[in-house]
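Here's the letter readout for the chains.
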Amino acid sequence: MSKREETRKRMVDAAGRGFRAHGYAGVGVDSLAKGAGVTSGAFYAHFGSKDAAFEAALAKGLDEVLEGVTRFQAENGADWLTAFADYYLSPEHRSDLACGCAMATLTPDVVRAGAPLNALFEGRMKQIVSLIANGLRDGEAKDREGRAWAVITGLVGGLTFARAVSDRETSDAIAESARSAALAIAGATKDPSA
């Protein structure tokens, strides 16, 4: 990897952490650049705009979800969804906005961003849903896809609500309810590689 590629990777990582922790409107280019250890000028030289940095951070964040689902499926076989839901709604993941899930933290900004980012988001989400659907056992493809959408939106919503309350007991109850609902909706799972 060239020095320029390493610098860009560091900036995308820092932008992802900044946008996830503070939202698009809550963080400026100077702060994102500082988080990457570069100047604002270097940041603009790589991205051209804050919007372009957000797009790069969103793409990387959703790619991380794709990689994560794939890894959970490979490592856990037919029990992949239980393991994924346990991780996804864990207290550690709930408390880590900056390094947590891009689906939960960046989606509100995608809603406000408009067509180009909506298309990027939709394309990656369809890939995520396809991976989930391929790991569900019963029903026709369209039924598994519908359940996969319900699973992922339920987990993301559960994570969001669990993060939004201050009482740990309430947060745990929300997380457990979302986990139970997602697993019930999914039904039987399978090892997608088998």
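Before reading further, recall that the structure is shown in the block above.
Residues numbered from 1 in each chain as written. Predicted model: local features only at pLDDT ≥ 70, side-chain atom pairs only at ≥ 80, totals over all residues. Heavy atoms only, no water.

1. Topic: the layout of surface pockets
Here the largest pocket is characterised by a volume of approximately 220 Å³. As for the largest pocket, its lining consists of 16 residues, of which Glu64, Val65, Gly68, Tyr87 and His93 are closest to the centre. Mapped by element, the contributors of at least two residues to the lining of the largest pocket are α4 (50-76) and α5 (80-88). The element that contributes the greatest number of residues to the lining of the largest pocket is α4, accounting for seven residues. In the lining of the largest pocket, the residues fall into nine nonpolar, four polar and three charged. In this structure, the second largest pocket occupies an estimated 150 Å³ of space. In this structure, the second largest pocket is lined by Met103, Ala104, Thr107, Pro108, Phe121, Met125, Trp149, Ile152, Thr153, Val156 and Thr160. Only α7 (102-113), α8 (115-134) and α9 (141-164) provide two or more residues apiece to the lining of the second largest pocket. Taken together, the residues that form the lining of the second largest pocket break down as eight nonpolar, three polar and no charged. (1 Å grid on protein atoms, 1.4 Å probe; cavity = no way out; pocket = protein on both sides within 12 Å on 5 of 7 lines; lining within 4 Å. Points joined across faces, edges and corners; volume = space filled by probe spheres on them. Helix = DSSP H or I, 4+ residues; strand = E, 2+ residues; numbered from the N terminus. Nonpolar A, V, L, I, M, F, W, Y, C, P; charged D, E, K, R; others polar.)

2. A short note on the state of the cysteines
All chains considered together, the criterion is met by zero disulfides. Looking at Cys99, it has no disulfide partner, and the nearest cysteine sulfur is the one in Cys101, 12 Å off. Residue class for Cys101 comes out buried when judged on its relative accessible area of 5%. (Disulfide = S-S within 2.5 Å. Buried < 20%, exposed > 50% of the residue type's maximum accessible area, 1.4 Å probe, protein only.)

3. Remarks on the packing of aromatic side chains
By the definition in use, this model includes eight aromatic pairs. An angle of 90 degrees between the planes, with centres 6.5 Å apart, marks the rings of Phe43 and Tyr44 as edge-to-face. According to the relative accessible area criterion, Tyr44 is partly exposed, its value standing at 41%. Here the aromatic rings of Phe72 and Phe84 are separated by 5.4 Å at their centres, their planes lie at 80 degrees, and the arrangement is edge-to-face. Of this pair, Phe72 sits in helix α4 while Phe84 is found in helix α5, placing the two residues 12 residues apart along the sequence. Here Phe72 matches Phe84 in class, with each residue buried. Over the aromatic face of Tyr24 sits the side chain of Lys50, whose NZ or CZ is 4.2 Å from the ring centroid. (Phe/Tyr/Trp six-rings, centres within 6.5 Å; stacked < 30°, edge-to-face > 60°. Lys NZ or Arg CZ within 6 Å of the ring centre and 35° of its normal.)

4. Some thoughts on the nonpolar core
Core analysis: the biggest nonpolar cluster contains 56 residues, and Phe19, Tyr88 and Met103 have the highest contact counts within it. At 11 residues, α4 tops the list of elements feeding residues into this core. Those residues within four positions of Phe19 in sequence are excluded, and the remaining contacts are Tyr24, Val27, Leu32, Lys50, Ala53, Phe54, Ala57 and Leu106. (Core = buried A, V, L, I, M, F, W, Y, C linked by side-chain atoms within 4.5 Å. Contact = heavy atoms within 4.5 Å.)

5. Thoughts on the packing of α5 against α9
Their axes nearest at 10 Å, the elements α5 and α9 cross at an angle of 20 degrees. When the interaxial angle is binned, α5 and α9 end up roughly parallel. Crossing of α5 over α9 shows right-handed handedness. From α5, Leu81, Phe84, Ala85 and Tyr88 reach across to α9, where they touch Val151, Leu155, Val156 and Leu159. (Axes fitted to C-alpha atoms, helices over the stretch in contact; angles between N-to-C directions. Parallel < 35°, antiparallel > 145°, perpendicular 65-115°, else oblique. Left-handed = near helix turned anticlockwise from the far one by under 90°.)

6. What about α9?
Here α9 is 24 residues long and its end C-alpha atoms lie 34 Å apart, about the 34 Å a rise of 1.5 Å per residue gives. The set of residues buried in α9 consists of Arg144, Arg147, Ala148, Val151, Ile152, Leu155, Val156, Gly158, Leu159, Ala162 and Arg163. Buried residues along α9 sit against α5, α6 (91-94), α7, α8 and α10 (168-186). (Expected span 1.5 Å × (residues − 1).)

7. So, helix α3 (residues 40-47)
Listed in full, the buried residues belonging to α3 are Phe43, His46 and Phe47. Within α3, the buried residues cover an arc of 80 degrees as seen down the axis, which keeps them to one side. Each element contacted by the buried residues of α3 is listed here: α1 (3-22), α2 (29-36) and α4. Phi for Gly48, located one or two positions after α3, is positive at around 85 degrees. (Arc of directions from axis to C-beta.)

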